[in-house]
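Structural characterization, general
Each chain, written out:
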Amino acid sequence: MSRDGDEHRPVSRVRVRVPSKINLFLTVRGVRPDGYHELVTVLQTVSLYDTVTAHVEGPSAQHPAGRRSMQLDFTQDGTSGVPDDEANLAVRAARVIMAETGFGSATNGCGPTTRLHLDKHIPVAAGMAGGSADAAAALVALDELWGAGLGRARLRELAAELGADVPFCVSGGTALATGTGTATAQVLTRGSYHWVVGISDTPLSTPDVYRAYDEVATPSEAEPDAVLQALRNGDAEALGDALHNDLQVAAEHLRPELTERRQAILDAGALGALVSGSGPTVVGLAENAQDAVRLQRAVADVFDRVEVGLSPAGGPDVWRD
Ligand code: ATP
């Protein structure tokens, strides 16, 4: 099996491991006429991963006629609790790339089958962009498997049709995102950051959190400069002080226990702690890897599950064979 960066050649199976994200900074600038919220946010990938595997079975996948008759089959590990049909974001991503390339446009049902499998580990509806990560992984995997040659720039454009965080997940790393979140610019960062990731099994719906935000929050004037400077300097302590999320007040309004859980991470000595995105995941910044494990133990009973994570965690990682 070979890794990303090898020369292009036909492949029969592609595996893409994709990281989740946390928001180090998020401010809501207002609501657009179409109801979407305008954001300024700093996103960074963190080392909790999903994996999407794609391979082709059946007749002549290399032949243009075979490609036009391509069928799609989707499976996932049974424990994930996300849709296993066309509603799954990985399948929606596959349909977008099929529409773009013409693969699967013939409906005679006698072509080869692309089997897409999702191994889900990123917590669901947790503010960690798990669905967006899976969509990005499916785009990257199918572009590679089918030799479609779209490349990351075009995939990012297609990704914007699938959700606000999907273009970021196609690239990974650290980005400043504006608009609804789809306009992203990579951010210069130094060093790595160690986190405790406090997971709650009861999900929180992103639209519900935005509705609560509209009811309970007052717009803030917060700017991302302090977070961006801390990242440029590789200064974990300054980053801990600068972490900011306007949606936190809304998530904690819907789920008051999150305030105590966040406080528990701070009381245990984290450099900073905040609700990630729309929650309910709460992340705490540790001084180093050892400190992250110490914090994990200290708040183990406060959350349903606590992981340690490293950021930035790169982007989609591709293996082919
Ligand atoms: P974000 O941080 O981008 O707001 P999130 O982490 O809060 O997202 P997701 O885990 O992406 O939320 O799930 C959001 C919704 O999308 C859930 O209701 C889930 O059922 C649905 N969904 C569809 N496909 C997937 C997928 N592959 N993985 C996760 N959720 C999916």
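Residues numbered from 1 in each chain as written. Predicted model: local features only at pLDDT ≥ 70, side-chain atom pairs only at ≥ 80, totals over all residues. Heavy atoms only, no water.

1. A word on the pairing of strand β6 (residues 174-179)
To keep it simple, the criterion reads: Strands are treated as partners if at least two bridges between them are detected by DSSP. Numbering of helices and strands runs from the N terminus; a helix is a DSSP stretch of H or I covering at least four residues, while a strand is a stretch of E covering at least two.
Bridge count between strand β3 (residues 37-57) and β6: six bridges; the pairing is antiparallel. Across the sheet, Thr41 pairs through a bridge with Ala177, a residue of β6. Following β6, the chain reverses through three residues before pairing antiparallel with strand β7 (residues 183-186); Gly181 in that reversal takes a positive phi of roughly 115 degrees.

2. Notes on unusual backbone geometry
Cis geometry marks the peptide bond from Gly279 to Pro280; its omega dihedral reads 5 degrees. Inspection of the secondary structure assignment puts Pro280 in the loop between β10 (272-275) and β11 (282-286). For the peptide bond that leads from Ser311 to Pro312, omega is -10 degrees, which places it in the cis range. Considering the arrangement of structural elements, one finds Pro312 in the loop between β12 (305-311) and β13 (317-320). Of note in the backbone geometry, Ala125 takes a positive phi value of approximately 50 degrees without being a glycine. Position of Ala125 among the secondary structure elements: in the loop between β5 (113-119) and α3 (130-145).

3. So, the side chain of Gln76
Here is the rule we go by: Whenever a nitrogen or oxygen atom comes within 3.5 Å of another N or O atom, the pair is scored as a polar contact, on the condition that within protein one atom can donate a hydrogen and the other can accept it, and that pairs from neighbouring residues in sequence are kept only if both atoms are in side chains. Contact between two residues is taken to exist if any of their heavy atoms lie within 4.5 Å; hydrogens are not considered.
Relative to the helices and strands, Gln76 is located in strand β4 (residues 71-76). In terms of polar contacts, Gln76 uses its side chain to reach the backbone carbonyl oxygen of Val82, at 2.9 Å. Within the local environment of Gln76, its side chain forms a polar contact with the backbone oxygen of Pro83, the two atoms lying 3.4 Å apart. Aside from chain neighbours lying at most four places away, what touches Gln76 is Val82, Pro83, Asp84, Asn88, His117 and Leu118.

4. Re the nonpolar core
What counts here: Think of a nonpolar core as a cluster: buried Ala, Val, Leu, Ile, Met, Phe, Trp, Tyr and Cys residues, connected wherever their side-chain atoms sit within 4.5 Å. Relative accessibility under 20% of the residue-type maximum defines a buried residue, over 50% an exposed one, and the middle range a partly exposed one, all with a 1.4 Å probe and only protein chains included. Segment limits for the domains were obtained from an automatic or database-derived domain assignment.
By size, the foremost hydrophobic cluster in this structure holds 72 residues, and its most contacted members are Leu24, Trp195 and Leu239. Per element, the largest residue contribution to this core is ten residues, and it comes from α3. Counting only domains with at least three residues in this core, you end up with domain 1 (2-18 + 45-183) and domain 2 (193-311). Formed by 27 residues, the second largest nonpolar core is a distinct cluster that contains Leu26, Leu204, Tyr213 and Leu258.

5. So, the domain arrangement of the protein chain
Selection rule: The term buried area refers to how much accessible surface (probe radius 1.4 Å) is lost by two components on association, counted for both of them together. Each salt bridge in this description consists of a side-chain nitrogen of Lys or Arg and a carboxyl oxygen of Asp or Glu lying within 4 Å of one another. Amino acids are sorted into nonpolar (Ala, Val, Leu, Ile, Met, Phe, Trp, Tyr, Cys and Pro), charged (Asp, Glu, Lys and Arg) and polar (every other residue, Gly among them).
According to the domain assignment, the protein chain consists of domain 1 (2-18 + 45-183) and domain 2 (193-311). Between the C-alpha centres of domain 1 and domain 2 there is a distance of 29 Å. Listed per partner, the contact involves 13 residues of domain 1 and 19 residues of domain 2. Both faces considered, domain 1 and domain 2 share a buried interface measuring about 960 Å² in area, 64% of it formed by carbon and sulfur atoms. The largest per-residue losses of area from domain 1 upon contact with domain 2 belong to Leu48, Ala125 and Gly127, which jointly make up 34% of the total buried on that side. Put simply, domain 1 and domain 2 have zero salt bridges between them. Our count for the contact surface shared by domain 1 and domain 2 stands at five residue pairs in polar contact (both at pLDDT 80 or more). Among the secondary structure elements, those contributing two or more residues to the side of domain 1 that touches domain 2 are β3 and β6. Residues that form the side of domain 1 that touches domain 2 fall into these classes: eight nonpolar, five polar and no charged.

6. Considerations on the site of the ligand
How we decide: The rule for a residue being near a molecule or strand is that one of its heavy atoms must lie within 4 Å of it. Working definition of accessibility: Shrake-Rupley area with a 1.4 Å probe, residue cover restricted to the visible protein chains.
The immediate surroundings of the ligand are formed by 22 residues, with Asn88, Ala125, Gly131, Asp134 and Asp165 found nearest. One nitrogen or oxygen atom from the main chain of Leu89 is found 2.9 Å from a nitrogen atom belonging to the ligand. For the ligand, whose unbound accessible area comes to 620 Å², protein coverage reaches 78%. At four residues, α3 tops the list of elements feeding residues into the shell around the ligand. Partitioning the shell around the ligand into residue classes produces eleven nonpolar, seven polar and four charged.

7. Considerations on helix α2 (residues 89-101)
So the rule is basically this: Expected helix span is taken as 1.5 Å per residue step, with the number of steps being one fewer than the number of residues.
The end-to-end C-alpha distance of α2, which contains 13 residues, comes to 18 Å, matching closely the 18 Å that a straight helix rising 1.5 Å per residue would cover. For α2, the set of buried residues is Ala90, Val91, Ala93, Ala94, Val96, Ile97 and Met98. Tucked inside the fold, the buried residues of α2 contact β4, β5, α3 and α4 (151-159). At the N-terminal end of α2, a side-chain oxygen is found 2.9 Å from the backbone nitrogen of Ala90, two or three residues along, and the residue is Asn88.

8. Some words on the packing of α3 against α4
For clarity, the threshold we go by: Lines fitted to the C-alpha atoms define the axes, with helices restricted to the stretch that makes contact. Angles between their N-to-C directions range from 0 to 180 degrees. Orientation is classified from the angle alone, with under 35 degrees giving roughly parallel, over 145 giving roughly antiparallel, 65 to 115 giving roughly perpendicular, and any other angle giving oblique. Here a crossing is taken to be left-handed if its near helix is turned anticlockwise relative to the far helix by less than a right angle, and right-handed if that turn runs clockwise.
In the contact formed by α3 and α4, the axes pass within 10 Å of each other and the chain directions differ by 135 degrees. Of the possible angle classes, the one that applies to α3 and α4 is oblique. Along this stretch, α3 crosses α4, giving a crossing that reads as right-handed. Taken together, the residues of α4 that come into contact with α3 (itself represented by Leu139, Val140 and Asp143) are Gly151, Arg152, Leu155 and Ala159. When grouped by side-chain class, the residues that make up the contact of α3 with α4 number four nonpolar, one polar and two charged.

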